[in-house]
Amino acid sequence: MRPLLFDPSTLDIGHTPHPQHILTEIRLTPIEDRICSLLVAVADHLAVSANRPVVLRIAGGWVRDKLLGLESHDLDIALDSMMGFEFAQAVKEFVTTNSHHTLRDGESVALDASVIGGVSKIDSNPDKSKHLETATTRVFGQMIDFVNLRTEVYNEESRVPTVEFGTPLQDALRRDITINSLFYNLHTRSVEDYTNMGLKDLASGHIRTPLPPLQTFIDDPLRILRVIRFAARFGFSIDPSILQATREHPHVRRCLAGKISRERIGTEVDKMLRDSATAGGDGVVVVGQANGAATRHAERILRAIRLLHEFGIAEDVLTDVPLDLRYFGPLSCGATVVPVVVGSKKEAKAKATAAVAAEKGSDSSMDSETVAGRSGSRNSLMQGVGLAEANLETGLEVAEALTALLQGLSADEMRRMVPLDSGIGFPFQEEDVRLLYLAAMMHSFSGRLYLEKKKSVLPASKYVVMNSLKLSSLDGDWTSTIIENIPKIQEMVSKISNEAEGGVEGAPAVDEAIINLKQRQQVGMFVRELGVRSIYPASRPLGGKYVLAVFLAQAVEVSVAVGNDRRAEAVQEMKAGAARAVVDKYLRFWGAVERLGVGGAHLLKPLMNGGEVCGMLGIRAGPGVKPLLDGMIEYQMGHPSAGRREVEAWLQEQQQRQHRSGGA
């Protein structure tokens, strides 16, 4: 068994109490009070008119959150003797046949068609890991799910359980963790704890399973991820038996890989990264030492990532590209593999030339034989790396460095790293922090390629995001673009930082102005490329999120600077030492961006469009126009005060140069 990466105490795996202030009773909002009163009235009506007594309980997360004093809109109504759809239909019938309803406090509420919406029936679908029929409707504007209490019997060879009506105790015991096994009885208006552990664990801030962890996880391995998510979200300790069950029983990992859909796994990981319980209602995450809430936000996301590794399931969650899809050839990211066509030598050479066109790039002297030679060297170099599984601990190290930056940088330093004209918000939004940590984990796959549909050479990180986690194509595009640009970012940041550190003192004023304009063009075009360039066909560019790419490149450098001591007090490294040197280097880069006024370079538009260029030069529209528009942007970047007249003069000069060189 692999040795522990961390001391369990550093991950809060133990019985250390984290006392929580929990309410002695649940306080309903006025809308919740109306809902509960109406549903109980329907149950009373069914008991009298149809001899169908039914007990209603709110189950799960709503009870937990309300006891913690948190808002919750996740209303799941559990019924002990009736299917959810049948009861929801009874509610609709009650509302349409009664003109008013009297609440517990005597207030009369008018009932009409607006009180309840249409009832949707969601059938059980084992193929989608949906094991229970659910009815969904809106009551007094609040979405509600109606389900029946159940017990589940699992077969170790299948992820599909046998589901039957169950008692409240049976339903509570099948839950993932004790704090999610609580009920709120609508009839008695009281909390019910059938495991006799839920309230105690909620008050002490402790995560444990209602049944022995091994049984709980073999029944539904997704519960491992839910343990991690809730422990990180609330900052609760984890019972040591949970770590023991996941690490000492490989069968649990096999069940996770074989019984759980990738969609369900990706959903849990996504929720870990969003950490919605602590981000605040507006989705803004203030970063820097001045805000303790943001520090906790970063710590909790990092703890979730660490637990994935310590539980030994990171490889099962972030599954690598299958061997038969990995690419070791000479082509770079974004290229298209052209299949070999048998024919004459001339035809074969033409096909080979077309196949490597993307690899040649700006080096027009490279011929097919040169690329063929590179193919052999790349194969021998890359196969040794690519055949081995990605080192996921690399992503963990970057996530730790990222957290150290978010915790250790001052608010002023953070502001200097987010240009006002970049288009990205400061403080960072919740979505931006999520993307940073997702990209940090994907850094383990940096430089690795795969073949999509046997023809497109794409980054392995895109495969992991979209196939292993089933996240969106936009997540795949942005994450891959961030990861693949990191080497270029680090190179440019070092160059600009060195120039800024050396300075141009003593040079004549005119020379300094020229140097600044050249640097503006250089830095501005670099920033623009980061924001607008697609690293493979049809990928969405980063836009203002290029700022996040630079920030993550900084985290990668910090992770290298800290080295094997990554679990030390990394925040202190932000004040001195090698990590501080990295931060200072990036601050110099951002200082140059601000001084040169190119933070919004990706938003710069050419002063003339393609049609105007063609009209002025008397040329036809075609592929030759785009290089002129790109060159125009570069000219404008180096000549920020230039207007249309100067651009027209520049275009005429370009045309004359083409004529002199024999161009069309």
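Residues numbered from 1 in each chain as written. Predicted model: local features only at pLDDT ≥ 70, side-chain atom pairs only at ≥ 80, totals over all residues. Heavy atoms only, no water.

Some points on helix H7 (residues 222-234)
And step 1. Helix length check: H7 (13 residues) gives 19 Å between terminal C-alpha atoms against 18 Å at 1.5 Å per residue, within 8%.
And step 2. Most of H7 sits out of view: 12 of its 13 residues are buried.
And step 3. Among all positions of H7, only Leu222, Arg223, Ile224, Leu225, Val227, Ile228, Arg229, Phe230, Ala231, Ala232, Arg233 and Phe234 are buried. (Helix = DSSP H or I, 4+ residues; strand = E, 2+ residues; numbered from the N terminus. Expected span 1.5 Å × (residues − 1). Buried < 20%, exposed > 50% of the residue type's maximum accessible area, 1.4 Å probe, protein only.)

With respect to the sheet that holds strand S1 (residues 56-59)
And step 1. In spatial order, the strands read S5-S6-S7-S2-S1-S10-S11; together these seven strands make up an open sheet with mixed pairing. In this open sheet, the two strands that pair with only one neighbour each are strand S5 (120-122) and strand S11 (190-192). Shown here is a sheet whose adjacent strand axes are inclined to one another by a mean of 30°, direction ignored.
And step 2. In terms of strand pairing, S1 meets strand S2 (residues 75-79) through three bridges, oriented antiparallel. Of the residues in S2, the one forming a bridge with Leu56 is Leu79.
And step 3. Sitting on the sheet, helix H1 (residues 30-49) is in contact with S1, S2, strand S6 (134-139) and strand S7 (142-148), with an inclination near 145° to S1.
And step 4. Helix H3 (residues 84-97) rests against S1, S2, S5, S6 and S7 of the sheet, and its axis sits at about 135° to S7. (Pairing = 2+ DSSP bridges. Axes fitted to C-alpha atoms, helices over the stretch in contact; angles between N-to-C directions. Contact = heavy atoms within 4.5 Å.)

A closer look at the sheet that holds strand S16 (residues 456-459)
And step 1. Read across the open sheet, the three strands follow the order S14-S15-S16; overall the sheet is antiparallel. At either margin of the open sheet sits one strand with a lone partner, and together these are strand S14 (326-327) and S16.
And step 2. Of the strand pairs in this sheet, strand S15 (residues 449-452) and S16 are connected by four bridges, and their pairing is antiparallel. What sits directly across from Tyr450, in S16, is Leu458.
And step 3. Those strands touched by helix H20 (residues 460-468) are S15 and S16, and its axis lies near 80° from that of S16.

Things to note about unusual backbone geometry
And step 1. Following Phe426, the chain continues to Pro427 via a peptide bond in cis, the omega torsion being 5°.
And step 2. As for its position among the elements, Pro427 is in the loop between helix H18 (411-416) and helix H19 (430-442).
And step 3. The phi dihedral of Asp12 is positive, around 60°, even though this residue is not glycine.
And step 4. Mapped onto the fold, Asp12 is located in the segment before H1.
And step 5. In this structure, Asn196 is a non-glycine residue whose phi angle is positive, near 60°.
And step 6. Inspection of the secondary structure assignment puts Asn196 in the loop between S11 and helix H5 (198-204).

Notes on the packing of aromatic side chains
And step 1. Scanning the model with the defined rule gives 11 aromatic pairs in all.
And step 2. Measuring from ring centre to ring centre gives 6.3 Å for Phe230 and Phe234, while their planes differ by 5°; the resulting arrangement is stacked. In this pair, Phe230 and Phe234 both sit in helix H7, four residues apart, roughly one turn of the helix. When sorted by exposure, Phe230 lands in the same class as Phe234, which is buried.
And step 3. Geometry around Phe140 places Arg34 over its ring, the cationic atom sitting 5.9 Å from the centre.
And step 4. For Lys121, the ring lying beneath its charged end belongs to Phe85, and the centroid distance is 5.4 Å. (Phe/Tyr/Trp six-rings, centres within 6.5 Å; stacked < 30°, edge-to-face > 60°. Lys NZ or Arg CZ within 6 Å of the ring centre and 35° of its normal.)

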